[in-house]
Amino acid sequence: MIQLDHVSKRYLTKKALKDVSLQIEPGHIVGLIGSNGSGKSTTLKLISGLIRPTKGTVLVDGVMASRKICTKVAFLSELDAYYSFFTVKQTLDFYAQTFGDFNRAKAEEMIDFMKLDRNQKVKHLSKGNRGRLKIVVTLSRDAPFILMDEPLSGLDPMVRQSIIKGLISFIDLEKQTVVLTTHELQEIEPLLDTVILIKNGEILDTKSVEEIRSKENLSLVDWMVKEYEQ
Amino acid sequence: MAETFNPSVPIYLQLCERIKNRIIRGEIGVGERLPSVRDLAIDSGVNPNTVQRTYRELEEEGIVEKRRGQGTYVTENQETLGRMRNELKERHISAFVREMNEMGYSEAEMLEGLKHYFDEECTKEGNQ
């Protein structure tokens, strides 16, 4: 379980998160949604231990999040974070050496599923294929928590579909929990159990997606717009 | 590829309907095995937890049976399947009647219209 308890984060003078408390139950796919600059990435970085809270505590399975939490948390950055001179295969080798929970068989299967060429250099890959490779190396880890910052942004509909399918096929929800941020709400909606709506560094609401449909008769997009306007 | 869902109805209920329709149309036979949770999730592009909930819902209605370690199967209980078929018919008829009522058609007009429609269909088929 992921727990944030009265967490605030300030970057110099800018307050990114204000007194945020939330819990993420295991075995769910959770969407963190909100406008640009609302604090989504900051929240993910805090959970993955890449940054520290200014105030409050972040616990992952009862352990305070720090750089060492990376054994439990797989983080997909919105930036391109790999060595561009590696080939696809070398990138897998690198990840396999770096992370003890890297599942090579799963990685190879996903490389085939995503139709990536193992011998191509990362810098020669198209943006879509770099997006796919990022997904492969992140989901190949048998980590209990998978955090993905904007896995779909800037990619064409075919790539987005293959990433969504890859997610459903290669995640084991009995052992894993997924938290992702996205603006592609319509596409991601059928995939989510729960959404956390965040605005100006504060949590507006946490709700089950099916509840939004059955109680409010709204799609995720309409719900977000309604909540934001209040 | 991923089907589209009506945004204001829970996805698990929509999946339930789709499976029921497929059973009624005979695409999934009596006693036949349903796709695994993961396969259906991938096929319809939805969260596996949603499919699990769909199967649970169908199980509660007695339409499918879970067999330990083997998967989920369509029931062989004809009574349940017959009831499901009937419910679907009644639901469609009541929706039709409600809409026609809202537009101001009387019962006699509806019956007359239906009769006329089937007669026309018959002559059309006869001509073919």
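Note that the structure is predicted; figures quoted are calculated from it, not measured. (Residues numbered from 1 in each chain as written. Chains lettered and ligands numbered in written order. Predicted model: local features only at pLDDT ≥ 70, side-chain atom pairs only at ≥ 80, totals over all residues.)

Novice: Looking at this model, I keep getting lost on the overall build of chain B. Mind explaining?
Specialist: The secondary structure content of chain B amounts to 5 helices and 2 strands. Element order for chain B, N to C, with α for helix and β for strand: α-α-α-β-β-α-α. Taking 14 Å as the expected radius of gyration for a compact globule of 128 residues, we find that chain B reaches 19 Å, considerably beyond that expectation. Dimensions of chain B, computed from C-alpha atoms along their principal axes, come out at roughly 55 × 30 × 30 Å. Classification of the 128 residues of chain B by burial places 20% in the buried group. A fraction of 53% describes how many contacts in chain B between residues 6 or more apart in sequence connect residues 24 or more apart. (Helix = DSSP H or I, 4+ residues; strand = E, 2+ residues; numbered from the N terminus. Rg over C-alpha atoms; globule rule 2.2 N^0.38 Å. Buried ≥ 20, exposed ≤ 12 C-beta atoms within 10 Å, placed from the backbone. Contact = placed C-beta atoms within 7 Å.)

Novice: Sorry if this is basic, but what is going on with helix 2 (residues 88-98) of chain A here?
Specialist: One turn of an α-helix holds 3.6 residues; hence residues three or four places apart share an orientation. All names here are of chain A. Of the positions making up helix 2, those classed as buried are Val 88, Thr 91 and Leu 92. Taken down its axis, helix 2 places every buried residue within 100° of arc, on the same side. Lining the buried residues of helix 2 we find helix 3 (104-113) and helix 4 (127-139). (Arc of directions from axis to C-beta.)

Novice: Is there a simple way to explain the UniProt feature "domain: HTH gntR-type" (unreviewed entry) in chain B in this structure?
Specialist: This chain's UniProt record puts "domain: HTH gntR-type" (unreviewed entry) on residues 9-77 of chain B. Across residues 9-77 of chain B one finds 51% helix and 12% strand; the C-alpha atoms that close the span lie 29 Å apart. (UniProt positions renumbered as here; feature names shortened; annotations may be inferred.)

Novice: Honestly, the packing of helix 1 (residues 11-24) of chain B against helix 3 (residues 48-60) of chain B in this entry has me stumped. Any pointers?
Specialist: Helix packing geometry: the angle between the two helix axes and the distance between the axes. Residues and elements named next belong to chain B. At a minimum axis distance of 9 Å, the contact between helix 1 and helix 3 shows a crossing angle of 55°. Relative to helix 3, the element helix 1 lies oblique. As for the relative orientation of helix 1 and helix 3, their crossing is right-handed in sense. For the pair helix 1 and helix 3, contact is made by Ile 11, Tyr 12, Leu 15, Cys 16 and Ile 19 and by Thr 50, Val 51, Arg 53, Thr 54, Glu 57 and Leu 58, respectively. (Axes fitted to C-alpha atoms, helices over the stretch in contact; angles between N-to-C directions. Parallel < 35°, antiparallel > 145°, perpendicular 65-115°, else oblique. Left-handed = near helix turned anticlockwise from the far one by under 90°.)

Novice: Just to check I follow, could you spell out the nonpolar core for this structure?
Specialist: Soluble globular proteins tend to bury their nonpolar side chains together. Formed by 84 residues in total, the largest nonpolar core has its most connected members in A:Ile47, A:Val73, A:Val136, A:Ile146 and A:Leu147. For A:Ile47, the contacting residues outside a window of four places in its chain are A:Ile2, A:Val58, A:Val60, A:Ala65, A:Val73 and A:Leu147. (Core = buried A, V, L, I, M, F, W, Y, C linked by C-beta atoms within 7 Å.)

Novice: Explain the domain arrangement of chain B to me, please; I cannot follow it from the model alone.
Specialist: One widely used convention gives an interface's size as the accessible area the parts lose upon coming together. Split by domain assignment, chain B resolves into domain 1 (11-76) and domain 2 (90-127). Relative placement of domain 1 of chain B and domain 2 of chain B: their C-alpha centres are 33 Å apart. (Domains from an automatic or database assignment.)

Novice: In this structure, what is going on with the sheet that holds strand 9 (residues 194-199) of chain A? I would like to understand it.
Specialist: All names here are of chain A. What the 6 strands build is an open sheet, ordered 6-7-8-3-9-10; its pairing is mixed. Across the chains shown, the open sheet's two edge strands, defined by having one partner strand only, are strand 6 (73-76) and strand 10 (202-208). On average, each strand axis in the sheet is tilted by 15° relative to the strand beside it, whichever way the strands run. Sheet topology note: the strand 3 (residues 29-33)/strand 8 (residues 177-181) ladder contains 4 bridges and is parallel. Among the inter-strand pairings, Val 30 is bridged to a residue of strand 8, identified as Val 179. (Pairing = 2+ DSSP bridges.)

Novice: What exactly am I supposed to notice about helix 4 of chain A here?
Specialist: Residue and element names in this part refer to chain A. For helix 4, with 13 residues, the first-to-last C-alpha span of 18 Å sits near the 18 Å given by 1.5 Å per residue. Of all the positions in helix 4, only Gly 131, Arg 132, Leu 133, Lys 134, Ile 135, Val 136, Val 137, Thr 138 and Leu 139 are classed as buried. Residues of helix 4 that are buried make contact with strand 6, helix 2, helix 3, strand 7 (145-149) and helix 5 (157-170). (Expected span 1.5 Å × (residues − 1).)

Novice: Would you mind showing me how to read the sheet that holds strand 2 (residues 14-24) of chain A here?
Specialist: Hydrogen bonds along the backbone pair up the strands of a sheet, which may run parallel or antiparallel. Residue and element names in this part refer to chain A. One open sheet accounts for 4 strands, arranged 2-1-4-5; its pairing is antiparallel. The sheet terminates laterally at strand 2 and strand 5 (63-64), the two strands that pair on one side only. Packing of helix 1 (residues 40-47) onto the sheet brings it into contact with strand 1 (2-11), strand 2 and strand 4 (55-60), and relative to strand 1 it is tilted by some 120°.

Novice: Looking at this model, I keep getting lost on unusual backbone geometry. Mind explaining?
Specialist: One can expect most non-glycine residues to show negative phi and most peptide bonds to be in trans. Residues and elements named next belong to chain A. You will see that His 6, though not glycine, has its phi angle at about 45°, which is positive. Within the element layout of this structure, His 6 appears in strand 1. Of note in the backbone geometry, Asp 61 takes a positive phi value of approximately 50° without being a glycine. Of note, Asp 61 is situated in the loop between strand 4 and strand 5. Residue Asp 61 is classed as partly exposed on the basis of its C-beta count, with 14 C-beta atoms lying within 10 Å.

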